[in-house]
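Spelled out from the first residue to the last, the chains are:
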Amino acid sequence: MAVSTIAEGAVLRDVMNINKILVTTSCIIVVMLVMTGCKNGMRTEQEKPQEMARKQILSGTEKKQETSVIPDHYEKVSGSGKVSFKLTPKYPEVITQGTCEIPVVKGRIYPESDKVYQMYVQGKDVTEKHIIDADDKLPQSIVYILKDGSTVSVGRDLSYSSSQYIQYDSAGVFDDTSSPSDPNAELPFLSRKDAAAKLKETLMSLGLPEMEFQYSVIAWDDQSLKKSEDTRFEQGLVEAEKRKKDWKKEDDIYYIYAYQSEKGMDVYNEVMSIYQSFAEDGPSNAQVRAVLGRNGFLMISTSFIYDLEWNGATATLVPFDQVVSVVENKFEMMLDDLHYKCNQATFAMSVSYDQNQKLVATPIWYFKVMDDNQKQYNVWVDAATGKEITMG
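Now for a quick tour of the structure. The shown structure was predicted, so the numbers you read here are calculated from the model rather than taken from an experiment. (Residues numbered from 1 in each chain as written. Predicted model: local features only at pLDDT ≥ 70, side-chain atom pairs only at ≥ 80, totals over all residues. Heavy atoms only, no water.)

Glancing now at the side chain of Asp230. Examined against the element boundaries, Asp230 turns out to sit in helix H7 (residues 222–234). A distance of 2.4 Å separates polar atoms of two side chains, one belonging to Asp230 and the other to Arg243. (Helix = DSSP H or I, 4+ residues; strand = E, 2+ residues; numbered from the N terminus. Polar contact = N/O pair within 3.5 Å; in protein donor to acceptor, adjacent residues only side chain to side chain.)

Next comes the structure, spelled out in structure tokens:
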């Protein structure tokens, strides 16, 4: 068994060269790179208006807004006709009076290393072991590559993938743009409800505390897997030698993902607010992802699970119409002949780093907008300041 202690960039490079099924493990490296980026200037030393406003809000010195009224359904067309809204806002009942409690982010929550090791590594033949050193924010992590083709990351967030993982990756299961013919189907080996319950039970057995997650279960049957893989092959996304081709009923799986949920609000991780391309509330950004087949889990990963403390601090929210106007004005200013349609508005709690490299929570509205060419735009607006959250 080879053992090495290497820097974060080398781990990603070496392990990916050894075994491409370490896709989920790369989330660990992304976190490190994000933190390094923040230290090197991703956040300016000058305090941003959003951060100044947040301090006023939490200290109680902000100007009081009128009680926020959020409609059950919202439709609007801008004066020029360039921008239109037709949506049903998704929001928790706790914000209907125009205020929102803001939690303190105490840190991250990880599975217990000894329990992860016992479940996925103990008693197995380990062929390689790679160590990611601890730093001032994250504990040490150890990546094990097993003889049976499985890969396990222990110490920080959990990342387990079996040797079968790669075939589902080739079929596009983990591509947020791919979809089976009937995602809400009930597969023969287990019900959707029981699949979610099995994942919850497994997470608790790995030492995660009992906490609320919003589970989504997507059913992939053999026909959907074959069709998706064929399409991706035709698009040049799958190499011929990596195609499975002969998909069978025993290959049916549930793809399960879950967002951390607090007081009826999904919690968005710190990476999502940095880049516009990362800002979507799809499966790939969820704190928990798993693939469940008839013989058990083929993949489980956890990341960005936060320890939030609700101590009574509140923020006054700007009226919904005012938030919408920020999105409307953004696309009205586009110098093109396209039309922009918004069909989703979701209230969530975003976690990000402030200028002092401290994790903080911010209430946001997330808008999904599509243009005439079906290009998607993800727009976040700070629900307390009414300012758009700028991203790279």
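We now examine the pairing of strand E15 (residues 306–309). Here E15 shows a clear split, with Tyr306 and Leu308 buried on one side and none of Asp307 and Glu309 buried on the other. Here four bridges tie strand E5 (residues 104–108) to E15, and the two strands are oriented antiparallel to one another. Across the sheet, Val105 pairs through a bridge with Leu308, a residue of E15. (Buried < 20%, exposed > 50% of the residue type's maximum accessible area, 1.4 Å probe, protein only. Pairing = 2+ DSSP bridges.)

Right, let's talk about the packing of aromatic side chains for a bit. Applying the stated criterion to the full structure yields 20 aromatic pairs. Taking 5.4 Å as the distance between ring centres and 35 degrees as the angle between the ring planes, the aromatic pair formed by Tyr268 and Trp380 counts as tilted. Of the two residues, Tyr268 is situated in strand E12 (residues 265–268) and Trp380 in strand E19 (residues 376–382); the sequence distance between them amounts to 112 residues. The structure contains a cluster of three or more aromatic residues connected by ring pairs, namely Tyr74, Phe85, Phe320, Phe347, Trp365 and Phe367. (Phe/Tyr/Trp six-rings, centres within 6.5 Å; stacked < 30°, edge-to-face > 60°.)

Another point: the environment of Met370. Turning to its location among the elements, Met370 is positioned in strand E18 (residues 359–371). Put simply, Met370 and Val83 are 287 residues apart on the chain and 10.0 Å apart in space, counted from C-alpha to C-alpha. Those residues in contact with Met370, other than ones at most four positions away along the chain, are His339, Tyr340, Lys341, Lys375 and Gln376. (Contact = heavy atoms within 4.5 Å.)

Right, let's talk about the nonpolar core for a bit. Across soluble globular proteins, nonpolar side chains have a tendency to be buried as a group. Counting 41 residues, the largest nonpolar core has Phe320, Trp365 and Phe367 as its most contacted members. Elements with a contribution of two residues or more to this core: strand E3 (83–87), E12, E15, helix H8 (320–332), strand E17 (340–353), E18 and E19. It is E17 that contributes the most residues to this core, seven residues altogether. (Core = buried A, V, L, I, M, F, W, Y, C linked by side-chain atoms within 4.5 Å.)

What follows covers the side chain of Ser303. With respect to the helices, strands and loops of the structure, Ser303 is situated in the loop between strand E14 (296–302) and E15. Assessed through its relative accessible area of 10%, Ser303 is described here as buried. In contact with Ser303, not counting residues within four places along its chain, are Asp157, Ala286 and Gln287.

A few words on the environment of Leu308. Among the secondary structure elements, Leu308 is positioned in strand E15. Distance in space between the C-alpha atoms of Leu308 and Lys106 is 5.9 Å, their sequence separation being 202 residues. For Leu308, the residues in contact, after removing those within four places along its chain, are Pro103, Val104, Val105, Gln260, Glu262 and Val267.

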